Amino acid sequence: MQPLVLDALLQRALSDEMTWQPFHPGVSIVRLYQETDGHSAALLRYDVGAGVPRHDHPGFEHIIILSGSQIDERGTHPAGSVLVNPPGSSHSVRSPDGCIVLAIWEQPVQFH
């Protein structure tokens, strides 16, 4: 696997180079890696107004907002924000204006 360089990753995400797959209505995903022990990373692309329902984090989740912004129960997080959701936390996410985020999961999230 090649090292992840955020600027280059965002440029690839904004181009037609990546194959996005449906994740939730209005949210697409490109998996960067997925290990058998649960560790994984992906790009998520939220259309304007899209979101994901409440979900639990059995392991750490790290989110880097690459473009746009997203909102959860803690507030609005613009591009450049780094969010760490610890094990045992839960939230729902939406993006009124659309966004692209890098998500790194220690364990798969569990949707309600």
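Up top is the structure these notes are about.
Basis of the calculations
Residues numbered from 1 in each chain as written. Predicted model: local features only at pLDDT ≥ 70, side-chain atom pairs only at ≥ 80, totals over all residues. Heavy atoms only, no water. Buried < 20%, exposed > 50% of the residue type's maximum accessible area, 1.4 Å probe, protein only. Helix = DSSP H or I, 4+ residues; strand = E, 2+ residues; numbered from the N terminus. Pairing = 2+ DSSP bridges. Polar contact = N/O pair within 3.5 Å; in protein donor to acceptor, adjacent residues only side chain to side chain. Contact = heavy atoms within 4.5 Å.

## Description of the pairing of strand β5 (residues 61-72)
Reasoning step 1: Within β5, 10 of the 12 residues are buried, leaving the element largely enclosed by the surrounding structure.
Reasoning step 2: The sheet contact formed by β5 and strand β7 (residues 82-85) spans 4 bridges and is antiparallel. From the neighbouring strand, Ile63 faces β7, where its bridge partner is Leu83.
Reasoning step 3: As judged from the 7 bridges shared by β5 and strand β9 (residues 99-105), these two strands associate in the antiparallel manner. Pairing of Ile63 across the sheet is with Ala103, part of β9.
Reasoning step 4: One ladder, built from 4 bridges, connects β5 with strand β6 (residues 75-78); its direction is antiparallel.

## Quick notes on the side chain of Ser89
Reasoning step 1: Counting through the fold element by element, Ser89 comes out in the loop between β7 and β8 (90-95).
Reasoning step 2: Residue class for Ser89 comes out buried when judged on its relative accessible area of 17%.
Reasoning step 3: Only 2.7 Å separates the side chain of Ser89 from the backbone oxygen of Pro86, close enough to count as a polar contact.
Reasoning step 4: Discounting residues that sit within four places of it in the chain, Ser89 has contacts with His55, Asp56 and His57.

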